[in-house]
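Spelled out from the first residue to the last, the chains are:
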Amino acid sequence: MDAAPMAPSNPLANWERLGDSFYRKVPIYDAIFDEDLELDNYILAGAPYGGALALHRDESKPMRFRDAHTARSSIDIYSCSGKPINQINWEHGAVRGLGWSDKEELLVITEDGTVRRYFGLHGDFTTFSLGNGAEEYGVRACRFWTSGFVALLSNNQLIAVSGYEEPRPKLLAPCPEGEVSSWSLIPPSYTLSRSVEVLLAVDKTIYMVDPTEAEDKVLQNGPFKHASVSPTGRFVALFTAEGKVWVVSSDFQSKYSEYDPESRVTPRSVEWCGDDAVIISWEDEIHLIGPNGVAARYYYDGTVHVVPEFDGVRLITNDTCEFLHKVSDVTQEIFRLGSTSPASVLLDCIDLLEKKSPKADENIQRIRASLPEAVDACVKAAGHEFDTYWQKRLLKAASFGKSVLDLYNSDEFVEMTEKLRVLTAVRDFQIGLPISYEEYMRLTPERLIDRLINRHEYLLAIRISEYLQVAADRIYVHWASQKVKVSTVDDEAVCKLIVQRLEGKPGISFELIAQAAYDEGRSHLATALLNHEPRAGKQVPLLLSMEEDEIALDKAIESGDDDLVNFVLLHLKAKLPLSSFFRMINTRPMASALVETNARVDDTELLKDLYYQDDRPIDGSNVLLAEALDKTDLMRKTETVNLATRLLADSKDPTVVLQQKLLTEASQLLKIQDGLDKDLADRTEFLGLSLNETVYRLIRSGYGKRAHKLQGEFKMPDKTYWWLRLRALVAKRDWGELEELARAKKSPIGWEPFYNEILGAGNTKLASLFVPKCTNLAAADKVDMWVKCGMVVKAGEEAFRAKDVNTLELLRARASGPAASEIERMINQLRPRK
């Protein structure tokens, strides 16, 4: 296998004029396939952007002989330079569709509607079924676009798949019956409906089929043996029944050209070369048809396969890989015969400089006014050249031109130099990616690097990443994942090698490498690799999928991320028996605390089981008591309280014994409250109240004796009972009962609360009865109490007994009438006589 020969000294040698434009056929590689590989017997599909070639034996053609190679059906993947990449042994039925996505994923569709999507070029695949009757009627053929395809069934029904990540095969509108002689499609990005549209040649006409209808375009020159849509969806090339090629608009309203190939043999294919020319091909002959029916003809010694690209076509034979495309405007401007453009003059200056001719300076001065444009043209033209000789000449001319200019932005020059270095590297026959400049601009450097990764060209991918300052982490990860798959040494050695190679590399995801190891059945290696993953969020999910549950929980706890720990706990709770789950969290306080916190809100049953497992009877009984408080039915309340009591039955802990006693009393109280609800005429609801609330409500409702009985039964402290009684009587405004209490000799809570509560209720007269009973208060406090009751004279008497003249004088200022006289009398009695 040899690289393409050096370009001839005359760059116009391979140009063909078609109307106002020029086309050229650039040789890329030669001697690409073995001589015994007869391309005539193969179906060939090429990936876009100079991608890989897939070859499958055409089962419709007889084989001359059968040997070990030809007897075994396979799909062979090659680079464009003929370098074998992979061989897929095929034993899955007749192939009815072979195509590529723009991500260089191989799509293989069988007759029964099974679709295999191969990614990575090395045999990994996913599969799905077309359904919709494909298995019943069988797939007849398929047409592809960059991100989807359409399958034609034997009953003329069309099934569209518009994406491969989550494929959803959908039926298009019902199609007419009849023999389909040819068909093509318009990709969704070029249709008004944003859905794929199919051109179906049936009998003498063509139908436009979309998801809603099949529209008859009412043509009369069929059957059309070929129909091909241009890359932008604007034009359609048709091969008519008379053997002519028509170019019409995609809405079939305008006809632009007609060409007669003067051949009775129907061509193998009709394809587009860019958006301006059509290629028709036979076994060993192709015609390039330009506007107005002008054509150029090319002849070959053997079968030629045409692989369309958006800016040209690749021509594949046993011997050569060529790129046929339209010559760019800047290239024509520089190289066409007799050109006097500034860029052409600038390129000529390089020859003069090498000859040390003074005319070089004269020419530069002559085009100085247009020199910036000339430099730009040379830079752009360099991008469109495949041969390094002319790339260097054009860039040298641009460099010379910009050196003469005082001010020139060199960014485009530098960028073009970088791009050409990348393109030259990937076009090398050892790599076999003959991508054009326009294709590279569409593909992007990142996706080009992905293609190198898929070919296992790791060193070149890393060098290009470093050169273009693109992140290289995915390259290292892919290399490591591949090393895991193919390595035969022990796990420790593989792990050590990978860690050493990747040490210090930013952005490396050991989780992806560990996943590859686990997929290969090397669980120990996967676990070892995960120890080097710094992000716990990446470690934990994979550890769980590997059933390394305890390690996953420990890693989550180490991260300190509550959400991550909760994620693991939810997984473990759903997976493990409850006893095993509790055993796992019991030795991990953080996990146990999170389970308890979450269970308080969402799962009280789990909380009760947790407390039982941890031997925490008080906590467990509290949960049951809270449940009891929420229940409205007495029987259920009582049952729940009794259950809470039984939890504490066997404990000798004084705290637990007290808790048990309180629960027993709570159960007893519930029974009493139920009796009260049934007995009392006003149907006041007592069930569920606390003891204090029950006593308060009884007193306020006029059932003081029942309240007093409850006090005795539950040994309620006198202070508590008197406070409840006081507030209940004040609330019901039972002043008579309160006045009776005022006659008592002493109160467990003192008499000041009586004064404050009654005064707060607005009964100053009754409140005043309790002032003399507050014997433990200072005179000043009592004075204040009398004043609040509106009894200034009584306040004065209190101050008089304390011999507090100052207070009396303040009271005199507030008093009026007889009260003021009485206060004055008290003051005079206390003042010394003169």
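The rules behind these values
- Residues numbered from 1 in each chain as written.
- Predicted model: local features only at pLDDT ≥ 70, side-chain atom pairs only at ≥ 80, totals over all residues.
- Heavy atoms only, no water.
- Helix = DSSP H or I, 4+ residues; strand = E, 2+ residues; numbered from the N terminus.
- Areas by Shrake-Rupley, 256 points an atom, 1.4 Å probe, with all protein chains shown as cover.
- Buried < 20%, exposed > 50% of the residue type's maximum accessible area, 1.4 Å probe, protein only.
- Contact = heavy atoms within 4.5 Å.
- Core = buried A, V, L, I, M, F, W, Y, C linked by side-chain atoms within 4.5 Å.
- Salt bridge = Lys/Arg side-chain N within 4 Å of Asp/Glu carboxyl O.
- Disulfide = S-S within 2.5 Å.
- pLDDT = per-residue confidence, 0-100.
- Pairing = 2+ DSSP bridges.
- Arc of directions from axis to C-beta.
- Phe/Tyr/Trp six-rings, centres within 6.5 Å; stacked < 30°, edge-to-face > 60°.
- Lys NZ or Arg CZ within 6 Å of the ring centre and 35° of its normal.

A short note on the overall build of the protein chain
- Check the secondary structure of the protein chain and you find 33 helices and 30 strands.
- Of the roughly 41700 Å² that the protein chain leaves accessible, carbon and sulfur atoms contribute 49%.

Topic: the side chain of Ser250
- Tracing the backbone through its elements, the reader meets Ser250 in the loop between strand E22 (245-249) and strand E23 (255-259).
- Classification of Ser250 by relative accessible area gives buried; the value is 16%.
- When neighbours within four sequence positions are excluded, Ser250 is seen to be in contact with Ile186, Met208, Gly233, Arg234, Phe235 and Val236.

Topic: the nonpolar core
- Formed by 97 residues in total, the largest nonpolar core has its most connected members in Leu346, Ile498, Leu502, Ile513, Leu529 and Leu569.
- A total of eight residues in this core trace back to one element, the largest contributor, which is helix H5 (residues 371-383).
- By size, the runner-up hydrophobic cluster in this structure holds 45 residues, among which are Leu691, Phe714, Leu729 and Trp751.

Digging into the pattern of salt bridges
- Using the criterion set out here, one finds 34 salt bridges in the structure.
- Among the salt bridges present, the one from Lys244 reaches Glu258, with a minimum N-O distance of 3.2 Å. Of the two residues, Lys244 is situated in the loop between strand E21 (235-239) and E22 and Glu258 in strand E23; the sequence distance between them amounts to 14 residues.
- Salt-bridge contacts for Asp784 lead to Lys788; the nearest nitrogen and oxygen are separated by 3.4 Å.

What about helix H10 (residues 458-468)?
- Buried residues of H10: Tyr458, Leu460, Ala461, Ile462, Ile464 and Ser465, and no others.
- The inward-facing, buried residues of H10 abut helix H7 (411-427), helix H9 (445-454) and helix H11 (473-486).
- Gln469 occupies a position one or two residues after H10 and carries a positive phi of about 55°.

Details of the state of the cysteines
- If you walk through the whole model with that rule in mind, you get zero disulfides.
- With no disulfide of its own, Cys321 lies closest to Cys80 among cysteine sulfurs, the gap being 4.8 Å.

Details of the confidence of the model for the protein chain
- Considering every residue of the protein chain, the mean pLDDT works out to 84; 87% of them sit at 70 or more.
- Taken element by element, the protein chain is modelled with least confidence in strand E1 (residues 2-3), mean pLDDT 42, and with most confidence in strand E9 (residues 106-110), mean pLDDT 96.

Thoughts on the pairing of strand E10 (residues 114-118)
- A large share of E10 lies buried, amounting to four of its five residues.
- Judged from the four bridges that link them, E9 and E10 form a sheet pairing that is antiparallel. The residue bridging Leu106 from the neighbouring strand is Tyr118, located in E10.
- Turn length for the E9-E10 hairpin, with the two strands adjacent in sequence and antiparallel, is three residues, and the turn residue Gly113 shows positive phi of about 90°.

Topic: unusual backbone geometry
- A positive phi angle, close to 70°, is found at Asn156, a residue other than glycine.
- Looking at where Asn156 falls in the secondary structure, it is placed in the loop between strand E13 (148-153) and strand E14 (158-161).
- In the Ramachandran plot, Lys356 falls in the positive-phi region, its phi being about 60° despite a non-glycine side chain.
- Mapped onto the secondary structure, Lys356 falls in the loop between helix H3 (342-354) and helix H4 (359-366).

What about helix H24 (residues 691-700)?
- Taken residue by residue, H24 has Leu691, Thr694, Val695, Leu698 and Ile699 as its buried positions. End-on, the buried residues of H24 take up no more than an arc of 125°, which puts them together on one face.
- Taken from the residues just after H24, Gly702 is the one with a positive phi, measuring 95°.

Looking at the packing of aromatic side chains
- One pass over the full model with this rule turns up 16 aromatic pairs.
- Taking the centre distance of 6.3 Å and the plane angle of 15° together, the rings of Phe149 and Tyr164 count as stacked. Placement of the pair is Phe149 in strand E13 and Tyr164 in the loop between E14 and strand E15 (170-171), with a sequence separation of 15 residues.
- Relative accessible area serves as the criterion here: at 7%, Tyr164 is assigned to the buried category.
- Taking the centre distance of 5.3 Å and the plane angle of 45° together, the rings of Trp751 and Phe754 count as tilted. Of the two residues, Trp751 and Phe754, both sit in the buried class.
- Each member of the aromatic cluster is reached from another via a ring pair, and the members are Trp722, Trp751, Phe754 and Phe770.
- Lying across the ring of Phe310, Arg442 places its NZ or CZ 3.7 Å from the centre.
- Positioned over the ring face of Trp722 is Arg725, at 5.8 Å from the centre of the ring.

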